[in-house]
Amino acid sequence: MATVLDEIIVGVREDLEARRAAVPLHAMRELAEEATRSRPALDAHAALAGGRDDAAGIRILSEVKRSSPSKGALAEIASPAELARRYEAGGAAAISVLTERRRFGGSLADLDAVRAAVGIPVLRKDFTVDEYMLYEARAHGADLVLLIVAALDDAELAGFLQLTHELGMNALVEAHTPGEVERAVAVDARIVGVNVRNLKTLEVDPENYRNLAPQLPADVVRVAESGVQGPEQVAEYARDGADAVLVGEALVRHGDPAQAIRDFRAASLAARTR
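Residues numbered from 1 in each chain as written. Predicted model: local features only at pLDDT ≥ 70, side-chain atom pairs only at ≥ 80, totals over all residues. Heavy atoms only, no water.

### A few points about the overall build of the protein chain
And then number 1: Helix and strand counts for the protein chain stand at 12 helices and 10 strands.
And then number 2: Over its C-alpha trace the protein chain gives a radius of gyration of 17 Å, about what one expects of a compact globule, namely 19 Å for 274 residues.
And then number 3: Taken over the C-alpha atoms alone, the protein chain extends approximately 55 × 40 × 35 Å along its principal axes.
And then number 4: Across the 274 residues in the protein chain, those meeting the buried criterion constitute 55%.
And then number 5: Put simply, 69% of the contacts in the protein chain that link residues at least 6 apart link residues at least 24 apart.
And then number 6: Entry remark: accessible area of the protein chain is about 11200 Å², with carbon and sulfur atoms responsible for 51%.
And then number 7: Taking the average location of the 32 positive side-chain charges in the protein chain and that of its 43 negative ones, the two points are 4 Å from each other. (Helix = DSSP H or I, 4+ residues; strand = E, 2+ residues; numbered from the N terminus. Rg over C-alpha atoms; globule rule 2.2 N^0.38 Å. Buried < 20%, exposed > 50% of the residue type's maximum accessible area, 1.4 Å probe, protein only. Contact = heavy atoms within 4.5 Å. Areas by Shrake-Rupley, 256 points an atom, 1.4 Å probe, with all protein chains shown as cover. Lys, Arg positive; Asp, Glu negative; His and termini not counted. Charge placed at Lys NZ, Arg CZ, Asp CG, Glu CD.)

Now the structure itself:
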């Protein structure tokens, strides 16, 4: 029986083939090389690292996200660029931009708009299933890409991670189970996201980060993903040793996302003193 993740990937592959027909791989490689020459990727690893000890609080990876398979429509987001600028003003460490079209309402145009608007690292958040998408991410100015362990076999995971680094980018390697964490560590992932949402069922287990984070080596940047409704969840992730927290819905639905980011970071600092 197909899972939600399986169904999403079917659509991702169909959309990918349409883009590849318009711009073949060799041309996309050239565009990626040109983008790197004109604007090398920013160091997303440095931007997200050290949140466990930062005197200003945990790092916030803020997301431009219009909709989701679990919640449906979240926000209009008439101007991704303006939202991104507000995130940066609030102290976001990096910005995640959904580019998957069918379930999340995103696009590469959103990525372009955000990249042009801010000076902090930008994550192309999509379901990477082909090397083409890595060249495409770099061509559109991404500094960071998402590699979901559950969507890739071991050879793909290792190969995509290597290519990501060759292109000067970093990868957020996402895991949800103990086995997936082991696979992420086995390929020497430098940034590992522990998602409390199961992408196969969309169920959320708030304890998942706390249970899996201890499996990660001390030098790995730890990112807690999903489940954030307000400062309380950010504080919990901070107590459990996260360097960074990925937040989407709670920010796009907030009337003042810049202040929300400040509140999240303040809550993480308060959590350390308890």
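### What to know about the packing of aromatic side chains
And then number 1: Following the criterion strictly, the structure yields 2 aromatic pairs and no others.
And then number 2: Residues Phe104 and Phe127 carry aromatic rings whose centres are separated by 5.9 Å and whose planes lie at 35° to one another, so their mutual orientation is tilted. Here Phe104, found in the loop between β4 (94-98) and α5 (108-117), pairs with Phe127, found in the loop between β5 (122-125) and α6 (131-139); they are 23 residues apart in sequence, far enough to count as distant. Take Phe104 and Phe127: they sit in the same class, and that class is buried.
And then number 3: Aromatic side chains Tyr209 and Tyr237 sit 5.5 Å apart centroid to centroid with 75° between the ring planes, which places their arrangement in the edge-to-face category. Here the residue Tyr209 occupies a position in helix α9 (residues 208-212), and Tyr237 occupies one in helix α10 (residues 231-239), the gap between them amounting to 28 residues. Summarising the burial analysis for this pair, Tyr209 and Tyr237 share the class buried. (Phe/Tyr/Trp six-rings, centres within 6.5 Å; stacked < 30°, edge-to-face > 60°.)

### Observations regarding the side chain of Asp54
And then number 1: With respect to the helices and strands, Asp54 occurs in the loop between α3 (44-48) and β1 (59-64).
And then number 2: Looking at Asp54, its side chain comes within polar contact range of the side chain of Arg265, at 3.0 Å.
And then number 3: Look past the residues within four positions of Asp54 in its chain and what remains in contact with it is Arg59, Arg265, Leu269 and Arg272. (Polar contact = N/O pair within 3.5 Å; in protein donor to acceptor, adjacent residues only side chain to side chain.)

### So, the layout of surface pockets
And then number 1: The space that makes up the largest pocket amounts to roughly 690 Å³.
And then number 2: The biggest single contributor to the lining of the largest pocket is α10, with 3 residues.
And then number 3: Looking at side-chain class alone, the lining of the largest pocket contains 17 nonpolar, 8 polar and 13 charged residues. (1 Å grid on protein atoms, 1.4 Å probe; cavity = no way out; pocket = protein on both sides within 12 Å on 5 of 7 lines; lining within 4 Å. Points joined across faces, edges and corners; volume = space filled by probe spheres on them. Nonpolar A, V, L, I, M, F, W, Y, C, P; charged D, E, K, R; others polar.)

### With respect to the side chain of Asn208
And then number 1: One can find Asn208 in helix α9.
And then number 2: Polar side-chain contacts of Asn208 include one of 3.1 Å to the backbone oxygen of Asn195.
And then number 3: Not counting residues within four places of it along the chain, the set of residues in contact with Asn208 comprises His176, Val194, Asn195 and Val196.

### Looking at the pattern of salt bridges
And then number 1: Inspection of every chain in the model, using the stated rule, returns 25 salt bridges.
And then number 2: Lys71 is paired through a salt bridge with Glu249; the nearest N and O atoms lie 2.9 Å apart. Of the two residues, Lys71 sits in the loop between β2 (67-68) and β3 (72-73) while Glu249 sits in helix α11 (residues 249-252), which places them 178 residues apart along the sequence.
And then number 3: Among the residues examined, Lys71 registers a relative accessible area of 42% and is labelled partly exposed.
And then number 4: The exposure class of Glu249 is partly exposed, given its relative accessible area of 22%. (Salt bridge = Lys/Arg side-chain N within 4 Å of Asp/Glu carboxyl O.)

### Remarks on the environment of Glu249
And then number 1: C-alpha separation for the pair Glu249 and Leu146, spaced 103 residues apart in sequence, amounts to 18 Å.
And then number 2: Setting aside residues no more than four positions away along its own chain, Glu249 makes contact with Lys71 and Leu74.

### Things to note about helix α2 (residues 25-38)
Note that an α-helix has 3.6 residues per turn; residues three or four places apart therefore point the same way.
And then number 1: Taking 1.5 Å of rise per residue, the 14 residues of α2 would be expected to cover 20 Å, and the 20 Å separating its terminal C-alpha atoms lies within 8% of that figure.
And then number 2: The complete set of buried residues in α2 reads Ala27, Met28, Ala32 and Ala35. Down the axis of α2, the sector holding all buried residues measures 145°, keeping them to one side. Across from the buried face of α2, at angles greater than 90 degrees, the exposed residues are His26 and Arg37.
And then number 3: Packed against the buried residues of α2 are α6. (Expected span 1.5 Å × (residues − 1). Arc of directions from axis to C-beta.)

### Considering the sheet that holds β1
Strand pairing within a sheet occurs via backbone hydrogen bonds; the two strands may be parallel or antiparallel.
And then number 1: Pairing is parallel in the closed barrel, where 8 strands are placed in the order β1-β4-β5-β6-β7-β8-β9-β10. Neighbour to neighbour, the strand axes of the sheet diverge by 25° on average, direction disregarded.
And then number 2: Pairing of β4 with β5, which is carried by 4 bridges, proceeds in the parallel orientation. Bridge pairing in β5 links Val97 to Arg124.
And then number 3: With respect to the sheet, helix α12 (residues 257-272) is in contact with β1 and β10 (244-247), its orientation differing from that of β1 by roughly 150°. (Pairing = 2+ DSSP bridges. Axes fitted to C-alpha atoms, helices over the stretch in contact; angles between N-to-C directions.)

### Some remarks on the nonpolar core
And then number 1: Counting residues in hydrophobic clusters, the biggest one holds 95 residues, and the most contacted among them are Leu48, Tyr87, Ile95, Leu147, Val173 and Phe264.
And then number 2: It is helix α1 (residues 4-22) that provides the largest number of residues to this core, a total of 6 residues.
And then number 3: Among residues more than four places away in sequence, those in contact with Ile95 are Leu61, Ser62, Val64, Ala84, Tyr87, Val114, Val118, Ile120, Pro121, Val122 and Leu123. (Core = buried A, V, L, I, M, F, W, Y, C linked by side-chain atoms within 4.5 Å.)

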